[in-house]
Amino acid sequence: MTTMARTSTGLAYPDRFYAAAIYAGFDGSHNFDNNKISSRFSNEVALILYALYQQSTIGPCNAPKPSSWNPVEQRKWTSWQQLGNMATTEAMRLFVKILEEEDPGWYSRASNSVLEPVVDVQMNHYSNVEPITENGNYFAETKTVSAENGNLIETQDKDVVSEGLGSVDIYDLWISPPISGQRPKARYQHGAAVVQDKMYLYGGNHNGRYLNDLHVLDFRSWTWSKVDAKVGPQSAESPSPINIVPCAGHSLIAWENKLLSIAGHMKNPSETIQVKAFDLRTGTWSILKTNGKTPVSRGGQSVTLVGTTLVIFGGQDANRTLLNDLYILDLETMTWDEIDTAGVPPSPRSDHAAAVNAERYLFVFGGSSNATFFNDLHVLDLQTMEWSKPAQHGVLPTPRAGHAGVTVGENWYIAGGGDNKSGASETIVLNMSTLVWSVVTSVQGSIPLASEGLSLVVGSFNGEDILVSFGGYNGRYNSEVNVLKPSRKSVAPVSDSASAVCNAANPTRDPQSEFEIGLEGKIREIFMDNVDSKPTKSEREKTNELIIATLKAEKEELESSLNEEKLQSLRLKQQLTEVETRNLELYKELQSVRGQLAAEQSRCFKLEVDVAELRQKLQTMETIEKELELLQKQKAASEQAALNAEQRQGSGGVWGWLAGTPSEYTAIDDNA
């Protein structure tokens, strides 16, 4: 059955800007619906949107500054004034970009009220496109892919079909299913895990802010809902609730009736890895106590469930040190064990992918080490704990990091990732028994499937395996869901897988196997040729024109960013010169103070010498005074003795006369 689906070709500037402005609550008369704007956005975002709208429609701010008694108008004026002489096109682009970050589905909801050209696209399906319910609004789902600068490249990528899952009978093709419910905030480096028919989503990074919210997508109804999680007490002795810290770059593993969140980057990281558990029955978070030698805290590691153990490899610690250590956590005893391996391990890295085959072989692919991106494949034998680097066959993947992978039987599917220059557009698969890479499908344009930090899980729908991707970052944060039905089935026995890996160092090529692989690839090419209609010359020309226009817009954006960086660099240089001048003046003042201090120290030293001399003189004077006092006492004693002698002489003459002794005077008279 063939029906016609209406697909929007998208709005170009400035039409897309005006559509965004009307949707946000602005109109052409510069009268704003303040209630509508404040209810949708935070105060900070509302001020930025106001300033960009004024810059786009009026130009640089030349209005007088409002009075201080009106703080709201003053803040709006300040936000507008700070844009300076920003170009109108740049302001329009930023307005649309910010709106898409805050409300990724705005364009779909606004499309019913915005007039735009439409084209008829012929699709093979068995039901009409159903309306989607999101936040209470009903609208038809239309897939729009925006470039980094906000220009609409394509409304629908050739490898992403926007329709219901039940109506698609094509395998190995990404589709965008109709989603209802409250969509999670756009993010990347989050964790995702499947329990029964539900995908749980936890944490991540949005605009540099770590998250700790928990959402669930029901595959039966394709409905999002937010989990109102509770937190348990720290311990029986400490009933206060634990702190579930926001994180990104962690791993989410489904184990029994719990979701285990292992490691991750945090604002204030702990010294060692934390294992958080969310009980699906009670809806409560807790922090599990572990024993043994706990690994250092990290993010961007790989965590693989092997039986009843978790195998953790690599990552980046809080000091941005890259790691290539290997730890195993026994989930039954909650005991850590650091593993010493043989062979040559992978170089230190983070944001790689890992998977296990036959419950014995751990595969590690890709990742990055600072500015180096890898496409190497390493295998660890979990029985002998020996690393090997097998030869890879087929279509060798490009180097990448931030990709995600899941296994379906012996097939390891990998999507997304990038090298900081461009996203990996191809979805690839590795047959872990033959070590042959193949390309499943490719996407075009800047879309979430070519993003870094996306999540990829395997679920079930109508009895068939499906791959489900969410989020990622490719110049903007994404919150879209895409689904792929893999056609490859696991048919090789486990023993074949083991022998292929064991003989990886010196593989032998089987002509019959190569023929079967080539035949399979040829059938798939024919199948995909029948699925994809050959584009006409006019369509290719239109696509080329759109790409050229996009590249020109990106060039203008880069030039504008470069000019802003140059201006900022000039300002920083001026500030640095001012700081250096001020530092020189302060240094001179310091030298002057040091000179004055040295002079004062010299004067104080002289005063101390004078004081010492005076003290010495004072001591000498005290000695002289004591000697003088002694002499005076001796003099007084001598005078007293002389006086006493005279008195005795006078008394002796009288007693002599009385005794008959002639006196001196008698003798004198006699002589006379």
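Coordinates for the structure precede this section.
All figures in this text were calculated on a predicted structure; none of them were measured in a lab.

(A) Layout of the overall build of the protein. For the protein, the count of helices and strands is 10 helices and 38 strands. Within the span of the protein, comprising 672 residues, buried residues form 43% of the whole. Counting contacts in the protein only where the partners sit at least 6 residues apart, residues at least 24 apart contribute 59% of the total.

(B) Geometry of a nonpolar patch on the surface. On the surface, a nonpolar cluster with roughly 290 Å² of combined accessible area is contributed by Leu 584, Tyr 587 and Leu 590. Counting through the fold element by element, Tyr 587 comes out in helix H9 (residues 537-658). Judged by its relative accessible area of 47%, Tyr 587 is partly exposed.

(C) Main features of helix H4 (residues 71-81). Among the residues of H4, Lys 76, Trp 77, Ser 79 and Trp 80 are the ones counted as buried. The buried side chains of H4 occupy one side of the element, clustering within an arc of 160° when seen end-on. Packing partners of the buried residues in H4 comprise helix H3 (43-57).

(D) The arrangement of helix H1 (residues 15-24) in detail. For H1, the buried fraction is high: seven of the 10 residues fall into the buried class. Those residues of H1 that fall on the buried side of the exposure criterion are Arg 16, Phe 17, Ala 19, Ala 20, Ala 21, Tyr 23 and Ala 24. The positive-phi residue at the C-terminal boundary of H1 is Gly 25, with phi of around 115°.

(E) Quick look at the sheet that holds strand E33 (residues 411-418). Read from one edge of the open sheet, five strands run E31-E35-E34-E33-E32, paired in mixed fashion. Because the sheet does not close on itself, it has two edges, and the strands there are strand E31 (393-394) and strand E32 (401-408). Where E32 lies against E33, seven bridges are found, and the strand directions are antiparallel. By the bridge assignment, Gly 405 is partnered in E33 with Ile 414.

(F) Representation of the pattern of salt bridges. Per the counting criterion, the structure on display carries 14 salt bridges. Of the charged contacts, one joins Arg 220 and Asp 218 as a salt bridge, the two residues approaching to 3.2 Å between their closest N and O atoms. Arg 220 sits in the exposed class, given a relative accessible area of 58%. A relative accessible area of 15% means that Asp 218 is categorised as buried.

(G) Representation of unusual backbone geometry. Despite not being glycine, Ala 358 has its phi angle at roughly 60°, a positive value. Summarising the element assignment, Ala 358 is placed in the loop between strand E25 (353-357) and strand E26 (361-365).

(H) How the structure looks around the packing of aromatic side chains. This model, assessed by the stated rule, comprises 17 aromatic pairs. Here Phe 363 and Trp 412 contribute two aromatic rings whose centre-to-centre distance is 6.4 Å and whose plane-to-plane angle is 65°, an arrangement assigned as edge-to-face. Highlighted residues: Phe 363 in strand E26 and Trp 412 in strand E33, separated in sequence by 49 residues. Judged on exposure class, the residue Phe 363 and its partner Trp 412 are both buried. Within the aromatic cluster, the residues linked to one another by ring pairs are Phe 17, Tyr 18, Phe 26, Tyr 53 and Phe 95. Above the plane of the ring of Tyr 50 lies Lys 76, whose end atom (NZ or CZ) is 4.7 Å from the centre.

(I) Expanded view of the packing of H1 against helix H5 (residues 88-102). Across the interface, H1 lies against H5 with an axial gap of 9 Å and an inter-helix angle of 50°. Classified by the interaxial angle, the pair formed by H1 and H5 is oblique. You can see that H1 and H5 cross each other, and the crossing is left-handed. Contacts between H1 and H5 involve Arg 16, Phe 17, Tyr 18, Ala 20, Ala 21, Tyr 23 and Ala 24 from the former and Met 92, Phe 95, Val 96, Leu 99 and Glu 100 from the latter. Here the residues of the contact of H1 with H5 sort into 10 nonpolar, no polar and two charged.

What counts, and where the lines are drawn
Residues numbered from 1 in each chain as written. Predicted model: local features only at pLDDT ≥ 70, side-chain atom pairs only at ≥ 80, totals over all residues. Heavy atoms only, no water. Helix = DSSP H or I, 4+ residues; strand = E, 2+ residues; numbered from the N terminus. Buried < 20%, exposed > 50% of the residue type's maximum accessible area, 1.4 Å probe, protein only. Contact = heavy atoms within 4.5 Å. Patch = residues over 30% accessible without salt bridge, like charges linked within 9 Å, V, L, I, M, F, W, Y side chains within 5 Å. Areas by Shrake-Rupley, 256 points an atom, 1.4 Å probe, with all protein chains shown as cover. Salt bridge = Lys/Arg side-chain N within 4 Å of Asp/Glu carboxyl O. Arc of directions from axis to C-beta. Pairing = 2+ DSSP bridges. Phe/Tyr/Trp six-rings, centres within 6.5 Å; stacked < 30°, edge-to-face > 60°. Lys NZ or Arg CZ within 6 Å of the ring centre and 35° of its normal. Axes fitted to C-alpha atoms, helices over the stretch in contact; angles between N-to-C directions. Parallel < 35°, antiparallel > 145°, perpendicular 65-115°, else oblique. Left-handed = near helix turned anticlockwise from the far one by under 90°. Nonpolar A, V, L, I, M, F, W, Y, C, P; charged D, E, K, R; others polar.

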